[in-house]
2 protein chains.
Amino acid sequence: MTSGFAFCVHDQDSQSAARRSTLTTPHGDVEMPAFMPVGTQGAVKGVTADHVVATGAQMVLSNAYHLAVRPGAEIVRRLGGLHHFMGWSGPILTDSGGFQVFSLQRLTKVTDEGVEFRSHVDGAKISLTPERAVQIQGDLGSDIAMVLDHVVSLPNSRDVIEDACRRSIRWAQRSLATSRSDQQALFGIVQGGLDQPLRIESAEALAELDFDGYAIGGLSVGESAEDMLRTIEFTIPALPAGKPRYLMGVGRPEDILEAVARGIDLFDCVMPTRNGRNAMAFTDSGTLRLRNERHREDTRPLEETCDCLACRHSRGYLRHLFMSGEMLGPILLSIHNLTYYQRLLQTARTAIKDGRFVEFKQQMFQGWTGTAAAG
Amino acid sequence: MTSGFAFCVHDQDSQSAARRSTLTTPHGDVEMPAFMPVGTQGAVKGVTADHVVATGAQMVLSNAYHLAVRPGAEIVRRLGGLHHFMGWSGPILTDSGGFQVFSLQRLTKVTDEGVEFRSHVDGAKISLTPERAVQIQGDLGSDIAMVLDHVVSLPNSRDVIEDACRRSIRWAQRSLATSRSDQQALFGIVQGGLDQPLRIESAEALAELDFDGYAIGGLSVGESAEDMLRTIEFTIPALPAGKPRYLMGVGRPEDILEAVARGIDLFDCVMPTRNGRNAMAFTDSGTLRLRNERHREDTRPLEETCDCLACRHSRGYLRHLFMSGEMLGPILLSIHNLTYYQRLLQTARTAIKDGRFVEFKQQMFQGWTGTAAAG
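Residues numbered from 1 in each chain as written. Chains lettered and ligands numbered in written order. Predicted model: local features only at pLDDT ≥ 70, side-chain atom pairs only at ≥ 80, totals over all residues.

Right, let's talk about the overall build of chain A for a bit. Looking only at helices and strands, chain A features 14 helices and 16 strands. Computed over C-alpha atoms, the radius of gyration of chain A comes to 20 Å, within 12% of the 21 Å expected from 2.2 N^0.38 for 375 residues, which places it in the range of a compact globule. Projecting the C-alpha coordinates of chain A onto the three principal axes gives extents of approximately 60 × 50 × 40 Å. Sorting the 375 residues of chain A into buried and exposed places 55% on the buried side. Restricting to contacts in chain A with at least 6 residues of sequence separation, those with at least 24 account for 66%. (Helix = DSSP H or I, 4+ residues; strand = E, 2+ residues; numbered from the N terminus. Rg over C-alpha atoms; globule rule 2.2 N^0.38 Å. Buried ≥ 20, exposed ≤ 12 C-beta atoms within 10 Å, placed from the backbone. Contact = placed C-beta atoms within 7 Å.)

Across soluble globular proteins, nonpolar side chains have a tendency to be buried as a group. Of all hydrophobic cores here, the largest spans 230 residues; its most connected members are M36, F187 and L247 of chain A together with M36, F187 and L247 of chain B. Once residues within four sequence positions are removed from consideration, L247 of chain A is found in contact with I216, L219, I232, A259, I264 and F267 of chain A. (Core = buried A, V, L, I, M, F, W, Y, C linked by C-beta atoms within 7 Å.)

Residues and elements named next belong to chain A. As summarised here, the arrangement of the 3 strands in space is β1-β2-β3, forming an open sheet in which the pairing is antiparallel. The two strands at the open ends of the sheet, each matched to only one other strand, are β1 (6-12) and β3 (28-32). Taking the axes of each pair of neighbouring strands and ignoring which way they run, one obtains an average angle of 15° across the sheet. Alignment of β1 against strand β2 (residues 19-25), held across 6 bridges, turns out to be antiparallel. Bridge pairing in β2 links A6 to T24. (Pairing = 2+ DSSP bridges. Axes fitted to C-alpha atoms, helices over the stretch in contact; angles between N-to-C directions.)

With that out of the way, let us pick up the interface of chain B and chain A. In this assembly, 33 residues from chain B lie in contact with 33 residues from chain A. Secondary structure elements with two or more residues in the side of chain B that touches chain A: α3 (73-78), α12 (315-323) and α13 (328-353) of chain B. Element by element, the count of residues in the side of chain B that touches chain A is highest for α12 of chain B, at 5 residues. When the residues that make up the side of chain B that touches chain A are grouped by side-chain class, the tally is 13 nonpolar, 12 polar and 8 charged. (Nonpolar A, V, L, I, M, F, W, Y, C, P; charged D, E, K, R; others polar.)

Let us look at the sheet that holds strand β9 (residues 125-128) of chain B. Residue and element names in this part refer to chain B. Reading across from one edge, β7-β8-β9 is the order of the 3 strands in this open sheet, with antiparallel pairing throughout. On the outer flanks of this sheet lie β7 (107-110) and β9, each paired with one strand and no other. Between one strand axis and the next, the sheet turns through 20° on average, direction left out of account. With 3 bridges joining them, β7 and strand β8 (residues 115-118) adopt antiparallel strand pairing. Looking across to β8, one finds that L107 is bridged to F117.

Residues and elements named next belong to chain A. Taken domain by domain, chain A holds domain 1 (6-269) and domain 2 (279-369). Summarising the inter-unit geometry, the C-alpha centres of domain 1 and domain 2 are found 27 Å apart. At the junction of the two partners, domain 1 supplies 27 residues and domain 2 supplies 24 residues. Contributing elements (two or more residues each) for the side of domain 1 that touches domain 2: β2, β4 (34-36), α1 (49-54) and α10 (253-261). Ranked by residues supplied to the side of domain 1 that touches domain 2, first place goes to α10 with 6 residues. Here the side of domain 1 that touches domain 2 is built from residues that sort into 13 nonpolar, 7 polar and 7 charged. (Domains from an automatic or database assignment.)

So, on to the packing of α10 of chain A against helix α14 (residues 357-369) of chain A. Residues and elements named next belong to chain A. The contact between α10 and α14 brings their axes to 11 Å, and the two run at 165°. Judged by the angle between their axes, α10 and α14 are roughly antiparallel. As for the relative orientation of α10 and α14, their crossing is left-handed in sense. For the pair α10 and α14, the contacting residues are P253, E254, L257 and A261 in the first and K361, M364, F365 and W368 in the second. Its residues placed into classes, the contact of α10 with α14 shows 6 nonpolar, no polar and 2 charged. (Parallel < 35°, antiparallel > 145°, perpendicular 65-115°, else oblique. Left-handed = near helix turned anticlockwise from the far one by under 90°.)

Between chain B and chain A, the superposition needs a rotation of 180° and an axial shift of 0.0 Å, giving an RMSD of 0.0 Å. With respect to symmetry, the two chain copies, as superposed, fit the operation of a two-fold axis. (Least-squares fit on C-alpha atoms with pLDDT ≥ 70 in both.)

Here we take up unusual backbone geometry. Residues and elements named next belong to chain B. The peptide bond linking M32 to P33 adopts the cis configuration, its omega dihedral lying at 5°. Within the secondary structure, P33 is located in the loop between β3 (28-32) and β4 (34-36). Cis geometry is found at the peptide bond from R70 to P71, where omega equals 10°. Along the chain, the position of P71 falls in the loop between α2 (64-69) and α3. A positive phi angle, close to 60°, is found at S220, a residue other than glycine. Positionally, S220 belongs in the loop between β12 (213-216) and α9 (225-235). Note on S220: 19 C-beta atoms within 10 Å, which makes it partly exposed.

Residues and elements named next belong to chain A. Here R262 is to be found in the loop between α10 and β14 (266-268). With 21 C-beta atoms counted inside 10 Å, the residue R262 sits in the buried group. Between the C-alpha atom of R262 and that of A18, which follows or precedes it by 244 residues, the distance is 6.0 Å. Apart from residues no more than four positions distant in its own chain, R262 is found in contact with A17, L229, I232, E233 and I236.

Residues and elements named next belong to chain B. With respect to burial, strand β2 (residues 19-25) is a largely interior element, 5 of its 7 residues being buried. The turn linking strand β1 (residues 6-12) back onto β2 is made up of 6 residues. Examined bridge by bridge, β2 and β3 share 5 bridges and lie antiparallel to one another. Looking at the pairing, T24 lines up with D29 of β3. The loop that links β2 with its antiparallel partner β3 comprises 2 residues.

Further remarks concern the environment of G97 of chain A. Residue and element names in this part refer to chain A. On the secondary structure map, G97 appears in the loop between β6 (92-95) and α5 (98-103). Residue classification places G97 among the buried positions, given that 27 C-beta atoms sit within 10 Å. Put simply, G97 and L128 are 31 residues apart on the chain and 9.0 Å apart in space, counted from C-alpha to C-alpha. If near-sequence neighbours (up to four positions away) are discounted, G97 is found in contact with N63, A64, Y65, L128, A133 and L148.

Residue and element names in this part refer to chain A. Within the secondary structure, C311 sits in the loop between β16 (286-289) and α12 (315-323). Given 23 C-beta atoms within 10 Å, C311 falls into the buried group. Each C-alpha atom, one on C311 and one on I335, is 9.8 Å from the other, the two residues being 24 residues apart in sequence.

Here the focus is the pairing of strand β11 (residues 185-190) of chain B. Residues and elements named next belong to chain B. Counting buried positions over the 6 residues of β11 gives 6, a clear majority of the element. Judged by which residues are buried, β11 turns out to be covered on both faces: A185, F187 and I189 on one side and L186, G188 and V190 on the other are all buried. Examined bridge by bridge, strand β10 (residues 144-146) and β11 share 3 bridges and lie parallel to one another. Among the inter-strand pairings, I144 is bridged to a residue of β11, identified as A185. Relative to β12, β11 runs parallel, the two being bridged by 4 bridges. The partner of G188 across the bridge, within β12, is Y214. Crossover β11 to β12 through helix α8 (residues 196-208) is right-handed. (Right-handed = clockwise from strand over helix to strand, strands pointing away.)

Below is the structure:
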């Protein structure tokens, strides 16, 4: 591993591929399986850094594409680097921007050299190469940088998926050749859609390059949950067991537990904050929609056992905030949902340690849906 | 005073009418002169209750009109009362809604009995009487209730001002006759526009009624700062020295210090949060507009000596949040401005105690404007 980093697996579940581990970074340890709150533009939407810490989060994600477009990576560097900029003293992972470049539909040209696209802010033409993506993340000073990858939407033709997958491998090689920092880890990203041979080809090629960690990218882009989980299942055996495995952009609590069961160590998703802003709260009994009339006089907190700031209030109060258009509603529900996700992962880690992860997962599914987990 | 309340003046400035005092309430003490953050709808806009506490605020203001319209005072009561509802364990003052009924321009009829208006939420016709305003605030369970008053805009004809002023006196008598709680203080509100005889008539009539405190209402509604200060000057001598004096809805930091110099003990204003949401920060060197290009690479905090959450970041970061449309910008600037106001009042109290308030006020004006205070 890159200097300043270590990865140690503590427990391997006997009934599933779930494992408990610690990733050591220059800015502290991350207990895994872990969930990263998303701070795309250098801010977790609606939540101050002290409140993000209070949710239990140890590492946050930010986005090199967004910060490079605005305010500019060089400006973040001059303002003290991303940790100081955000006021976050723990580990930070930056996504390269591959997903954003392709998903924001502002792409103008993809060649083997790199991509050209138009800024979502001012329409200016910007080029991004694998080397430039590494350089931007060096300026930002994140603990973990991600390689630039070519992401395609699903479903898509095998030719398109294969072309993007092989380009992503070539770009990964160039990214690694450029990366020179001994304080910034670099993760490769496996592509290949839902195609087993392509995913394995991608995973094996990246494994040979000896990255500090491996992400599974290009999922949660329109495919079914079953297809996603099947893809994880056949991809993971091709990845080195001694490196962290990161499932990008996933997902719902149930997706996370199913992915943990298949050996994933790290997650990020906008769902806790985005759904929180839209008045949706996660609980062990399923989701609550706070605008619903039935919460009007409900004196209960969202979750009896939750100690977050939102759960100091009644559901009736939280509903009132949303009905009155008060910013505090989105703020408090974002805090609750982030706390919920952290508690879910914390409880999952304990269950793995105690050898009862599969049982725990089934209990959670019963609470969420009233039925036992599929597997 | 009402049971559970006490008011004690500790220091009287020798060069001005400024004084330092403590108001004791059932939910704790308020060191005065004091500034109350505004939580109109039961929430200080964009700021969680723990962060409001961290600004140093001891008492917050909420609004009976808004809460009666939505979610309803009875519902707040069933949800545990306003303190539990908001998650605020300190003192709360509720405005009656007089100002809102008249300023939201939804008034349909004013008689001696009361007012009829249309809800700003659903257009429903609502009647409010002095007795009903007291009852609503009883349901809310605030520490300090305000009488319903008839507020008119300025400038206006003497007849209109006189009519509203005398009606406010009659309403104040009825409010007091209705108030039965021994855990809720009731403050009268002096009206009378900028007219000296009317203001004195109003103040003397209310003084005879022996309220727990006295507000000066109907100011900061379009008149000049000079007219406002002159009105305070001739009104205060007609109020009892042994009761707290509250200047409603004021104001800018300079207005507050000038009013303290004239004997005001209590303030509220939406300015710290509203201006914060609009990217304006208060500092000892004047106001900063964070969207300004000049802050782009500025590594300094808003104020070197401020320990608020916003001041853990650079001006460049705060500007980035506003330019990127991140909610965190309004949140952090609201916290900074509320902290600024609390520090201003804290420093004013210390200056009064140390017998150097006028000197302190002049120094502050020099910092804000580059010139000495007018007086």
